[in-house]
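# Reading the structure
Spelled out, the chains give:
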Amino acid sequence: MSDRIAAAAKLAPSAALTVEEVLRVRHWNDHLFSFSISRPASFRFRSGEFVMIGLPGGEGRPLLRAYSIASPAWSDELEFLSIKVPDGPLTSRLQKIRPGDPVYLGRKPTGTLVADALLPGKRLFLLSTGTGLAPFLSLARDPDIYERFSQIVLVHCVRQVSDLAFREELESQLAGDPLVQDQALLQFHYLPTVTRQPFRNEGRIDTLIDNARLFGPPLTGPHHFDPASDRIMMCGSMAMIRDLQARFAALGFKEGSNAAPGDFVIERAFVG
């Protein structure tokens, strides 16, 4: 029995999990990769939500981790963005998957990085570091977000230029997207920034806020955050989220949730 067939034999669906097939894998560099899997016909999610992904663990138990869904809600496939951790219980193995391999998929997506958790506004800022980009890739390709906000700003902060996953698609303002390319051309703005290599934008997100680069052309409106019209989503490092969370609270922004929409939201499942 081949290794791949043997691996497949260890995966069996359950009340909480389905077994899906890996369709594509893309390695961005030596510590970052993305992968797409099949999507069950019954699987429904809101753009920005996360779901459990996994492989067989010890004693026949699934080894699972929460992953934000990077693909739009209308896609026939599910895409994810992951770091590679050499000694990570799951990622040390997940980074080796190939097309045709089986993986576990949770049946129930959830999360707070969704449009319904925000009050109406004019500008939507999607602030991300590292793999925190993933849920915003989904949101940026959701037609509904362009009906809710007149400007969508996706900020991606990474250490090195090669960490800017999906950079080409985002710099093109989602050209070729079957549902949002026309709206994105007018309303979507991508602002990548790098902290450890020379790049056209350098520094952390708080630096871009302080020097007003975050609010520069082609963005219109005030060169500062305004709780009356701006809405914010954050995903990424705990340090970034905690620092900016305190900053926004001091400005009068109120945190939102599915039960009580507000001015900004974070994914608490990843923050702890």
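Just so we're clear, the structure is a prediction, and the values are computed from it rather than from any experiment. (Residues numbered from 1 in each chain as written. Predicted model: local features only at pLDDT ≥ 70, side-chain atom pairs only at ≥ 80, totals over all residues. Heavy atoms only, no water.)

## Focus on the UniProt feature "domain: FAD-binding FR-type" (unreviewed entry) in the protein
How we decide: UniProt positions are given in the numbering used here, feature names are shortened, and annotations may be inferred rather than shown by experiment. Secondary structure elements are defined from DSSP: runs of H or I of at least 4 residues count as helices, runs of E of at least 2 residues count as strands, and each element is numbered from the N terminus.
According to UniProt, the feature "domain: FAD-binding FR-type" (unreviewed entry) maps to residues 12-116 in the numbering used here. Helix makes up 4% of residues 12-116 and strand makes up 44%, while its end C-alpha atoms are separated by 34 Å.

## Things to note about the sheet that holds strand β1 (residues 17-29)
Defined as follows: When DSSP finds two or more bridges between two strands, those strands count as paired. For helices, the fitted axis covers only the stretch in contact; all axes are lines through C-alpha atoms, and the angles between them, taken along N-to-C directions, range from 0 to 180 degrees.
The strand order across the open sheet formed by 6 strands is β4-β3-β6-β1-β2-β5, and the pairing between neighbours is antiparallel. Each edge of the open sheet is held by one strand with a lone partner, namely β4 (62-68) and β5 (77-83). On average, each strand axis in the sheet is inclined to that of its neighbour by 40°, with strand direction left out of account. Examined bridge by bridge, strand β3 (residues 50-56) and β4 share 7 bridges and lie antiparallel to one another. Among the inter-strand pairings, V51 is bridged to a residue of β4, identified as Y67.

## So, the packing of aromatic side chains
Where we set the bar: Stacked, tilted and edge-to-face are the three classes assigned to paired rings of Phe, Tyr and Trp, where Trp is represented by its six-membered ring and a pair needs centres within 6.5 Å; plane angles under 30 degrees give stacked, over 60 edge-to-face, the rest tilted. Each residue is placed in one exposure class: buried if its accessible area under a 1.4 Å probe, protein chains only, is under 20% of its type's maximum, exposed if it is over 50%, and partly exposed if it falls in between.
Taken as a whole and judged by the stated rule, the model has 13 aromatic pairs. Ring geometry for F33 and F35: centres 5.7 Å apart, planes at 25°, overall stacked. Of the two residues examined, F33 and F35, each falls in the buried class. Between F125 and F215, the aromatic rings sit 5.8 Å apart at their centres with planes inclined by 70°, giving edge-to-face as the arrangement. Linking F125 in strand β7 (residues 123-129) with F215 in the loop between α7 (205-210) and β10 (230-235), this pair joins segments that are 90 residues apart in sequence. Taken individually, F125 and F215 each receive the classification buried, so the pair is uniform in this respect.

## Observations concerning the side chain of R141
Applicable threshold: Note on charges: Lys and Arg go in the positive column, Asp and Glu in the negative column, and His and the chain ends are not counted at all. Salt-bridge detection follows one rule: a side-chain nitrogen of Lys or Arg within 4 Å of a carboxyl oxygen of Asp or Glu. What makes two residues a contact is simply this: any of their non-hydrogen atoms within 4.5 Å.
Take R141: it is sitting in the loop between α3 (134-140) and α4 (143-148). No salt bridge is formed by the buried R141; the nearest opposite charge belongs to E79, separated by 4.6 Å. Setting aside anything within four residues of it in sequence, one finds R141 in contact with A70, S71, P72, W74, L174, D177 and V180.

## Focus on the pattern of salt bridges
A complete count under the given rule lists 11 salt bridges for this structure. The salt bridge partner of E171 is R200, with a shortest N-O separation of 2.9 Å. A residue pair is termed long-range when its members are at least 10 positions apart, and E171 in helix α5 (residues 167-171) and R200 in the loop between β9 (188-194) and α7 qualify at 29 residues.

## Topic: the pairing of strand β8 (residues 151-158)
Taking burial as the measure, the 8 residues of β8 include 8 buried ones, the bulk of the element. Burial of β8 is two-sided: the residues Q151, V153, V155 and C157 facing one way and the residues I152, L154, H156 and V158 facing the other way are all buried. In terms of strand pairing, β7 meets β8 through 7 bridges, oriented parallel. Its bridge partner lying in β8, L127 is registered against V155. Relative to β9, β8 is paired through 7 bridges, and the arrangement is parallel. In the strand pairing of β9, L154 is matched with Y190.

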